[in-house]
Amino acid sequence: MSQQSAVILDSLTKVFGRRRKIVAVDNVTLRVEAGQVYGFLGPNGAGKTTTIRMMLSLMQPTSGSISLFGKPIHAHHEVLRRVGAHVEGAAFYPYLSGRRNLEVIGQINGYHDSERIDALLRQVGLDHRARQKFRGYSLGMKQRLGLAAALMNDPALLIMDEPTNGLDPAGIQEMRHFLRELVTKHGKTVFLSSHLLNEVEQMCDRVAIINRGVILREGEVKALLQEKPRIRLEAQPIEQAAALLRPHWPLEIVNDHLLVEATRGDIPALLRTLHDNQIDIYEVVQQKQSLEEFFLNVTEGASPDGNLTTAPQEQGMLNHVP
Amino acid sequence: MYREMFAGEWKKIAGQRWAALLFVWIAPIAALVFFGFLAVVALLSPGFREELADGTLPPWNDAFLYGWLMVNNEFGRYVIAAFTAIVFAGEYQWGTWKNFVPHRTRTSLLLTKFFTVGAFTITAWTAMSLIVGIGFGLMAVFGGRSYGAFNGEIFREFIGTYGLQMALTFTATLIAACYAALTAMFTRSVLVSFFVVIVLTILENGILLPLFLIYGFFDLDLLWLYRFVPTYNLANINAWLTTGTGFSPPGVGDGGVYVPPEPNALGLSLFIIVVWVVALLSVTLWQFRRQDITT
């Protein structure tokens, strides 16, 4: 089993500070099978980047273990050579060109290949700006160079931390297709940390939701979204309809509609109840829960300041998302 | 493997053109401009050529060493310290360590960086010594004079002294690089590292001043401590191997305020320098290996 797992985190914990201890990651256990796109979701400060940094050996865990492709990284550092990563924004030498930056990374890491650098620059759409100094790049260009750097060693596991930050709508879509293709066509594994829930919903096979360093939920995206099915119902008079249904199904009135927590199988009984009591029914829609709603439900009240800081659509941060 | 790493590090260091120009290449460039100017004047002015014929010119084996004498002194160490601070702290300030740490052991990353910074400095000062040596040679040609005797014995002696100056420069660079790396690990800022490393180097060079003050105010004799700092021991090794006598800093020795028994023996100075280098490298590597890369 562990042979097939690209990532196994076992009781991973990171505590910062000696006097005032801050538990950034608390007993995180998860498994990512090879050939998946795995989403790692959480509000700002939830522990996503700290977890990723530990996975890359940039940070030492306080306790717990990390295995990549069945090998614990503390004993088999070489397994990290099968990993490509883009962590917390692209970081390069501002005084070197994009191409020169990739050359330097390739040479120092032991996988320098000029032809591959050219191919990657073309692939991420930077070939015509490759000779320009990195300090002159836009945020989107920096992200693209970060992706190229992460792919230089043709990694079996790609760890991407907020890869679409700064990309325009077309860029985000391109990135999504690109990452998905890496999995479907090239058999790679992608571990994706993001707070763009729409993006994660479209791309990921499984997700883990982390908050305050603790994994709150983990599972297949489809299964998680089917956990709380709802029926949207337009009926009149609405108050009377609500009174009739409330004893049987939890519900709430939203604008002119009823949102009833019920499955598809409940629809006939629900309609019979309303029809038998002379309630007029105008519309019945089975509503799928979005990942955003699921995320908000899971993390609600759990963020340190009481605000759901990662509901980007509500904060106007999602204007790029197509 | 290490050749590729070295090439990558070299590109990073050489790519910082302003820092490299200001702290490393400025001396060879200044020497080139200076001797270029003198050559033009010599070409155009018969009077200057006569002065060259009558004046004092060093023999070739001294002239080629002048460049090294400039770097193997207190001022040279400030320059090296400033440059290494920029090279090491830059990795933290730009957050670039994370591009390398997953793929390489931290020990090999840091050792390659140390070696490359040393090699970069040596290259620049070798260029400087060649320019000065060739420059004085041109002056000798313009003055129509001999450029000193040349035979097997003089050449062998020259090569030995030249190698010694290179080794001293490399060691001084290594020590400065350790200061710089350690400072960078804690401050993570180019500017702060730059100033901290300069202050550390000033303190090390000027250690006698606070020791004199302690001696004067508290009658506490800690003046012997200067005999254990790298700067003194590097100068002492240089003095033993070039003049055959040890080195005493100003204010110490005959006629000075404080008279130590005698300069450190060559073997003791070599031992102290080895201890400094090994200890600083060990502490730097230990700190880097246990450090969380958070930028």
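Quick summary incoming for the structure in this document.

How each quantity is defined
- Residues numbered from 1 in each chain as written.
- Chains lettered and ligands numbered in written order.
- Predicted model: local features only at pLDDT ≥ 70, side-chain atom pairs only at ≥ 80, totals over all residues.
- Heavy atoms only, no water.
- Salt bridge = Lys/Arg side-chain N within 4 Å of Asp/Glu carboxyl O.
- Helix = DSSP H or I, 4+ residues; strand = E, 2+ residues; numbered from the N terminus.
- Buried < 20%, exposed > 50% of the residue type's maximum accessible area, 1.4 Å probe, protein only.
- Contact = heavy atoms within 4.5 Å.
- Buried area = accessible area lost by both parts, 1.4 Å probe.
- Polar contact = N/O pair within 3.5 Å; in protein donor to acceptor, adjacent residues only side chain to side chain.
- Nonpolar A, V, L, I, M, F, W, Y, C, P; charged D, E, K, R; others polar.
- Arc of directions from axis to C-beta.
- Pairing = 2+ DSSP bridges.
- Axes fitted to C-alpha atoms, helices over the stretch in contact; angles between N-to-C directions.
- Lys, Arg positive; Asp, Glu negative; His and termini not counted.

Evaluated as defined, the whole model comprises 17 salt bridges over all chains. In this structure, B:Lys12 and B:Glu91 form a salt bridge, with 2.6 Å as the shortest nitrogen-oxygen distance. Of this pair, B:Lys12 sits in helix 1 (residues 2-15) while B:Glu91 sits in helix 5 (residues 74-93); the two residues are 79 residues apart in sequence, bridging distant segments of the chain. Take B:Lys12 and B:Glu91: they sit in the same class, and that class is buried. Salt bridges sharing partners connect three or more residues here, namely A:Arg99, A:Arg100, A:Glu103, A:Asp118 and B:Lys11.

As a measure of interface size, the accessible area lost when the parts come together is often cited. If you look at the interface, chain B gives 31 residues, while chain A gives 34 residues. With both sides pooled, the region where chain B packs onto chain A buries about 2700 Å², and carbon together with sulfur makes up 53% of that total. The largest per-residue losses of area from chain B upon contact with chain A belong to B:Lys11, B:Lys98 and B:His103, which jointly make up 25% of the total buried on that side. Taken together, the links from chain B to chain A amount to 2 salt bridges. For B:Lys11, the salt bridge goes to A:Glu103, with nearest N and O atoms at 2.9 Å. Our enumeration of links across chain B and chain A arrives at 19 residue pairs in polar contact (both at pLDDT 80 or more). Taken together, the elements giving at least two residues each to the side of chain B that touches chain A come down to helix 1, helix 6 (106-143) and helix 11 (266-290) of chain B. Examining the composition of the side of chain B that touches chain A, we find that 8 residues originate from one element, helix 1 of chain B, more than from any other. Taken together, the residues of the side of chain B that touches chain A break down into 8 nonpolar, 11 polar and 12 charged.

Residues and elements named next belong to chain A. Along helix 3 (residues 114-123), the residues that are buried comprise Ile 117, Leu 120 and Leu 121. The buried residues of helix 3 all sit within an arc of 100° when viewed along its axis, so they share a single face. Relative to its buried face, helix 3 has exposed residues pointing more than 90 degrees away, namely Glu 115 and Arg 122. On its buried side, helix 3 packs onto helix 2 (98-109) and helix 4 (139-151). Between a side-chain oxygen at the N-terminus of helix 3 and the backbone nitrogen of Glu 115 the separation is 3.1 Å; the capping residue is Asp 113.

Bringing the side chain of B:Thr284 into the picture now. In this fold, B:Thr284 is placed in helix 11. The residues touching B:Thr284, leaving out its near neighbours within four places in the chain, are B:Leu110, B:Phe114, B:Cys178, B:Ala181, B:Leu182 and B:Met185.

Within a sheet, each strand pairs with its neighbour through backbone hydrogen bonds, oriented either parallel or antiparallel. Residue and element names in this part refer to chain A. The strand order across the open sheet formed by 6 strands is 6-7-8-3-9-10, and the pairing between neighbours is mixed. Edge positions in the sheet fall to strand 6 (83-86) and strand 10 (214-220), since each of these pairs with one other strand and no more. Taking the axes of each pair of neighbouring strands and ignoring which way they run, one obtains an average angle of 15° across the sheet. Relative to strand 10, strand 9 (residues 206-211) runs antiparallel, the two sharing 6 bridges.

Residues and elements named next belong to chain B. Along the chain, the position of Arg 227 falls in the loop between helix 9 (208-218) and helix 10 (230-243). Here Arg 227 occupies a buried position and makes no salt bridge, while the nearest side chain of opposite charge, Glu 262, is found at 6.9 Å. A polar contact is formed between the side chain of Arg 227 and the backbone oxygen of Glu 262, at a distance of 2.6 Å.

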